[in-house]
Amino acid sequence: MLKDITLGQYFPGDSVFHRMDPRTKLILVILYIVALFQATNFLSYAVMALVTVTVIKISQVPPKALVRGLKPIVIIIVLTAVLNMFYTDGHVIVQIWKLKLTVEGIIKAFFMVIRIVMLICGTFLLTYTTAPVALTDGLELLLNPLKKLHVPVHEMSMMMSMALRFIPTLIEETDKIISAQKARGADFESGNLIQRAKALLPILVPLFVSAFRRADELAIAMESRCYHGGEGRTRMKQLRYQRLDYTALLLGAALVAGMIAMRVMGL
């Protein structure tokens with residue numbers, strides 16, 4: 001299960017999305033989410049599904065990576081579907097005690113599952129096609145106006161980028177610790193909930209020790225390179241909007257406008 005968590009991973013490539021400015025991709029993700037939440041019926045969801053599939057195809061990200069990324073949230077998806085099916089009023093198909101399975105509930109559950117899947121796939125493409133350093137620079141430049149309010153924009157962007165970058169590292173470390181403990185005879189699957197929780201202690205303790213050690217090593221490395229925050233910092237690669245970025249932003253805005261128009265007209 002741990003190997004299925006792909007959040008924070010970066011897949012190098014030369015696709016259209018890899019060449020985009022990170023600021024453009026951040027804005028496009030926001031526009032995508034807004035457009036997705038405007039979908040209300042089969043036609044609008046079909047449009048968003050077509051957009052999502054097209055974007056995945058253009059990004060050249062392996063579909064298997066997206067499928068693996070969905071595995072850890074299967075429980076959330078199933079729970080959302082069940083709650084919507086049995087707790088939505090409408091035409092009753094089957095009634096079990098106080099639980100009522102309705103036609104409207106099935107339709108709503110279907111839409112919610114599709115929405116969650118597309119939301120995860122669409123947002124994961126941001127980290128899949130953007131290097132951590134570029135993502136940090138793009139986020140910092142987008143939030144630059146907040147510096148006038150004395151908001152530590154650079155520090156916030158750096159912390160978010162590091163958190164995303166360390167997710168795959170910590171997952172790999174956890175997997176190694178679990179394998180080492182199992183080789184020593186540890187059992188993490190049998191017993192009740194309390195016993196399983198206690199069995200996790202041999203994993204959590206070395207994991208926290210490793211995380212703090214990595215954080216300390218990173219802090220020493222940054223200090224040795226005279227890192228003092230964003231003040232006076234320069235960038236090796238200057239971010240500039242290209243024609244590709246303006247075209248993508250126009251398409252994103254058109255998608256949002258189209259989805260809002262479809263919702264207003266009831267299409």
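Just so it is clear, the structure is predicted and the values come from calculations on it, not from any experiment.

### Here we look at the confidence of the model for the protein chain
And step 1. In the predicted model, the protein chain carries a mean pLDDT of 80, and 92% of its residues have values of at least 70.
And step 2. Across the protein chain, helix α2 (residues 22-36) holds the top mean pLDDT of 91, while helix α9 (residues 193-199) sits lowest at 71.

### Examining the pattern of salt bridges
And step 1. A complete count under the given rule lists 3 salt bridges for this structure.
And step 2. Two residues, arginine 23 and aspartate 21, come together in a salt bridge whose shortest N-O distance is 2.9 Å. Each member of the pair, arginine 23 as well as aspartate 21, carries the same accessibility label: buried.
And step 3. With a shortest N-O distance of 3.1 Å, glutamate 173 and arginine 214 are connected by a salt bridge. Remark: arginine 214 occurs in helix α10 (residues 201-224) and glutamate 173 occurs in helix α8 (residues 153-183); sequence separation between them is 41 residues.
And step 4. A relative accessible area of 16% places glutamate 173 in the buried class.

### Section: the pairing of strand β2 (residues 99-102)
And step 1. One ladder, built from 4 bridges, connects strand β1 (residues 92-96) with β2; its direction is antiparallel. Looking at β2, one finds that glutamine 95 is bridged to lysine 100.

Reading the values: rules and limits
Residues numbered from 1 in each chain as written. Predicted model: local features only at pLDDT ≥ 70, side-chain atom pairs only at ≥ 80, totals over all residues. Heavy atoms only, no water. pLDDT = per-residue confidence, 0-100. Helix = DSSP H or I, 4+ residues; strand = E, 2+ residues; numbered from the N terminus. Salt bridge = Lys/Arg side-chain N within 4 Å of Asp/Glu carboxyl O. Buried < 20%, exposed > 50% of the residue type's maximum accessible area, 1.4 Å probe, protein only. Pairing = 2+ DSSP bridges.

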